[in-house]
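Here is what each chain is made of, one letter per residue.
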Amino acid sequence: MEDHQDILARYKRMRVASREMNNALLEHCRPSVKEAAKDLGVWVKGTVVMDIDEMPVLMDHAIHHRPKGGRNVVERYAAEHPAAPGSDSETVLAAMGQAFFSLFQVSGVVEGIGVRVTDILRDREHLLADVSLSQSAAEGVVLASRGLPFEGFIMTTGAALPVSKEVLEWVARNLEERGASHQDMRDLPPEAWSQMETSVMRACLQSDGDQQIEYQDVPGSGMTSLSKDPDRVGRNEPCPCGSGKKFKKCCGV
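One numbering rule holds for all chains: residues counted from 1, following each sequence as written. Where totals are concerned, whole chains, interfaces and linings use all residues; where local detail is concerned, this predicted model gives features only for residues with pLDDT of at least 70, and gives and counts side-chain atom pairs only at 80 or more. The side-chain quantities take in all heavy atoms of the structure and omit both hydrogens and water.

1. Details of the environment of Phe150
For step 1, the next point in the chain: Strands are runs of DSSP state E lasting at least 2 residues, helices are runs of H or I lasting at least 4, and numbering of each runs from the N terminus. Structurally, Phe150 is set in strand β6 (residues 142-150).
For step 2, the next point in the chain: Buried, partly exposed and exposed residues are distinguished by accessible area as a fraction of the type maximum, computed with a 1.4 Å probe on protein chains only: under 20%, between the cut-offs, and over 50%, respectively. Accessibility expressed as a relative area gives 11% for Phe150, which makes it buried.
For step 3, the next point in the chain: In the structure, Phe150 is positioned 52 residues away from Gln98 in sequence and 9.8 Å away in space, judged by C-alpha atoms.
For step 4, the next point in the chain: Beyond its immediate sequence surroundings of up to four residues, Phe150 is in contact with Met14, Thr91, Val92, Ala95 and Met155. Only heavy atoms enter the contact rule, under which two residues are in contact if any of them lie within 4.5 Å.

2. Some details on the packing of aromatic side chains
For step 1, the next point in the chain: Pairing of aromatic rings covers Phe, Tyr and the six-membered ring of Trp, with a centre-to-centre limit of 6.5 Å; geometry is then stacked below 30 degrees between planes, edge-to-face above 60, and tilted otherwise. By the definition in use, this model includes 2 aromatic pairs.
For step 2, the next point in the chain: Ring centres 5.9 Å apart and planes at 70° place the aromatic pair Phe100 and Phe104 in the edge-to-face group. In this pair, the class of Phe100 matches that of Phe104, namely buried.
For step 3, the next point in the chain: Aromatic pair Phe150 and Phe153: ring centres 5.3 Å apart, planes at 20°, arrangement stacked.

3. Here we look at the environment of Lys68
For step 1, the next point in the chain: Considering the arrangement of structural elements, one finds Lys68 in the loop between α2 (55-64) and α3 (73-80).
For step 2, the next point in the chain: Residue class for Lys68 comes out exposed when judged on its relative accessible area of 78%.
For step 3, the next point in the chain: Residues Lys68 and Gln195, 127 residues apart in the sequence, show an inter-C-alpha distance of 9.4 Å.

4. Here we look at the packing of α3 against helix α4 (residues 88-97)
For step 1, the next point in the chain: Only C-alpha atoms enter the line fits that serve as axes; for helices the fit covers just the stretch in contact. Angles between N-to-C directions range over 0 to 180 degrees. It is the contact of α3 with α4, at a shortest axis distance of 9 Å, that shows an interaxial angle of 140°. Along this stretch, α3 crosses α4, giving a crossing that reads as left-handed. Contact residues: Val74, Tyr77 and Ala78 in α3; Leu93, Met96 and Gly97 in α4.
For step 2, the next point in the chain: Within the contact of α3 with α4, the residues separate by chemical class into 5 nonpolar, 1 polar and no charged. Crossing handedness is defined as follows: a turn of the near helix away from the far one that is anticlockwise and smaller than a right angle gives a left-handed crossing, while the clockwise case is right-handed. Classification convention: Asp, Glu, Lys, Arg as charged; Ala, Val, Leu, Ile, Met, Phe, Trp, Tyr, Cys, Pro as nonpolar; all other residues, Gly among them, as polar.

Treat this as a map of the structure, not an account of what it does.
Shown next, in the form of structure tokens:
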């Protein structure tokens, strides 16, 4: 039987360590932000156009996305700044090096700890430790996110997006056309996963699903230092041209 209190204690420690590591990684990912914004379709006329609560998704992509033939920010940082042996920082950095993107469907709630999820692309079960999700997640909801693997549980990198029915159907149709099995997805090389992740996150951001989630586990990660220009129109706000459409569907395209 799982010791949930032990998992909760370790989750809290790893969350603190991951926030500190994110702060360090953010300083090294700044040059990657522009390319990440282009990947996700939020780079418009020389600027990032997205709502402030979507910023963690952009920064997470800049940190973890692996460019073709190259290393991502986590891999470069680990090589240049190895963590102290046996420290929580070393454990978190190792988990970040094994981070995996997927679509996670909530199958049940573990009160005060997190939720049980199915990695529907790889057909694997996980305990996703996240206290806020244990209080707010509904069974059946699907989240597009990156998981950090630890002994007995996973946790997200703090940037998750709900997957709308339309996006989920699009993913299923795409995989069916390719004849991809769960085993094929498990064996997919890192660069191919990066391409899939980019396509899925971009589709989620362009759908209305991104308005259904609030990032409650981000404070202290350094991401909140990003501020939204008060004169900038959010992607999901009405377009100022008066068309009645959302900005992202009109002049923000």
